[in-house]
Amino acid sequence: MARLQLEDLQLARGGQTVLEHLDGRFMDGAITALIGANGAGKSTLIQAMMGMLRPVAGKVHCEVPKERRAWLPQQLALDLTFPMSVEELIMTGSWPSHGAFTGYCAAHYRRGREIMARLGISHLAHRPLGELSGGQRQRALLGRTLMQEAELLLLDEPFANVDVETVDVLMNVLREMADNGATLIVVLHDMEQLSRLADDVLILSGGHGRWASPESLLERYAGQPPKAPRLPLTFPDTFHAGTA
Ligand SMILES: Nc1ncnc2c1ncn2[C@@H]1O[C@H](COP(=O)(O)OP(=O)(O)OP(=O)(O)O)[C@@H](O)[C@H]1O
Ligand SMILES: [Mg+2]
């Protein structure tokens, strides 16, 4: 089953076409890595998939109910100076299904505490968001999507500026969500992270998308020195899914 599908999608920014003729299915229970150079259109596609950017042509078909869709924006786009604690942020995850003004019951608080423990941030429950490190913030934001019981989760470079231990915690939680049937799409720039996490890969390059298996990509870049795990910023136009 694929509850998220793209059909001949065309997206533009400021009157300029960013992506066109984009097709594909994102399987339930799978993690798809979305890769490509800076400016390739990864964030633009994510915004279209969240319904925040209207396509110029084509369609995003999404059967996941709105209240079960979650988005972790690219970190530089986030303003977390809002006066709110970690626990308060996580609890807001219940708003889409429960409403913002009905208050929380004991079960909500219990679940919030379980989520903070799972993410290793119980000790930060009352810390204001503005006083968190990058990794702590990412844990708290992922906690909010767990509270929401997200079935579609779009993460825009979730591991940027995040320490190794936090990457492990986040990856384990993401895999668990996928194992429970959620559809995950993760913008990545790092081949090692891709090899650990991705079940499928969508490459954006030159205004087009190409699907590939993680194995074919890893094979293709197997000759790279281990100390340079970053993905090259451009992908040759001759590259097609399944070819190494
Ligand atoms: N609000 C905007 N108005 C006009 N153009 C935009 C806007 N946002 C993005 N663009 C342009 O759209 C193109 C795609 O940008 P996008 O942010 O989707 O790239 P990206 O793949 O996410 O890059 P990065 O890896 O740097 O995050 C770029 O050429 C960018 O300059
Ligand atoms: Mg981006």
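Residues numbered from 1 in each chain as written. Chains lettered and ligands numbered in written order. Predicted model: local features only at pLDDT ≥ 70, side-chain atom pairs only at ≥ 80, totals over all residues.

By the naming in an unreviewed UniProt entry, the chain goes by Zinc/manganese transport system ATP-binding protein and is assigned to Halomonas korlensis. Within the UniProt record for the chain, the comment given under Sequence similarities (unreviewed entry) is "Belongs to the ABC transporter superfamily." (UniProt positions renumbered as here; feature names shortened; annotations may be inferred.)

Summing up its helical and strand segments, the chain has eight helices and nine strands in all. Looking at the chain as a whole, 37% of its 244 residues are labelled buried. (Helix = DSSP H or I, 4+ residues; strand = E, 2+ residues; numbered from the N terminus. Buried ≥ 20, exposed ≤ 12 C-beta atoms within 10 Å, placed from the backbone.)

Pairing of strand β1 (residues 4-13) with strand β2 (residues 16-26), which is carried by seven bridges, proceeds in the antiparallel orientation. By the bridge assignment for β2, Leu 4 is matched with Phe 26. As consecutive antiparallel partners, β1 and β2 are separated by two residues, and within that stretch Gly 14 has a phi angle of approximately 50 degrees, a positive value. Inspection of the sheet shows β1 paired to strand β4 (residues 57-62) by five bridges, in the antiparallel sense. Considered in β4, the bridge of Leu 4 is made with Cys 62. (Pairing = 2+ DSSP bridges.)

The description of two packed helices rests on the angle between their axes and on the distance between the axes. Remark: helix α4 (residues 106-118) packs on helix α5 (residues 134-147), axes separated minimally by 10 Å, with the N-to-C direction vectors making an angle of 140 degrees. Here α4 lies oblique to α5, going by the angle between them. α5 is crossed by α4, and the crossing has right-handed handedness. For the pair α4 and α5, the contacting residues are Arg 111, Gly 112, Ile 115 and Met 116 in the first and Gly 143, Leu 146 and Met 147 in the second. (Axes fitted to C-alpha atoms, helices over the stretch in contact; angles between N-to-C directions. Parallel < 35°, antiparallel > 145°, perpendicular 65-115°, else oblique. Left-handed = near helix turned anticlockwise from the far one by under 90°. Contact = placed C-beta atoms within 7 Å.)

Here we take up the sheet that holds β4. Pairing in this open sheet of three strands is antiparallel, and the strands run β2-β1-β4 from one edge to the other. Unpaired on one side and paired on the other, β2 and β4 mark the two borders of the sheet. Sheet twist, expressed as the mean angle between neighbouring strand axes with direction ignored, is 25 degrees. Along the sheet, helix α1 (residues 42-49) makes contact with β1, β2 and β4, crossing β1 at roughly 120 degrees.

Looking at ligand 1, the residues that line it are Arg 13, Gly 14, Val 18, Gly 36, Asn 38, Gly 39, Ala 40, Gly 41, Lys 42, Ser 43, Thr 44 and Gln 74. Among the elements that line the shell around ligand 1, the one with the most residues is α1, at three residues. A breakdown of the residues in the shell around ligand 1 according to their chemical character gives two nonpolar, eight polar and two charged. (Near = placed C-beta within 6 Å. Nonpolar A, V, L, I, M, F, W, Y, C, P; charged D, E, K, R; others polar.)

Counting 62 residues, the largest nonpolar core has Ala 33, Leu 153, Leu 184, Val 186 and Val 201 as the members making the most contacts within it. In this view, Val 201 contacts Thr 32, Ala 33, Ile 35, Leu 194, Trp 211, Ala 212, Ser 213, Pro 214 and Leu 217; residues no more than four positions away in its chain are not counted. (Core = buried A, V, L, I, M, F, W, Y, C linked by C-beta atoms within 7 Å.)

What follows covers the sheet that holds strand β6 (residues 152-156). Taken together, six strands build an open sheet; the order of strands is β5-β6-β7-β3-β8-β9 and the sheet is mixed. Whereas interior strands pair on both sides, the edge strands pair on one side only; in this sheet they are β5 (69-72) and β9 (208-212). Pairs of neighbouring strands in the sheet enclose a mean axial angle of 15 degrees, with direction left out of account. In the sheet, strand β8 (residues 200-205) pairs with β9 via five bridges, with the strands oriented antiparallel. Opposite Val 201, over in β9, you have Ala 212 as the bridge partner.

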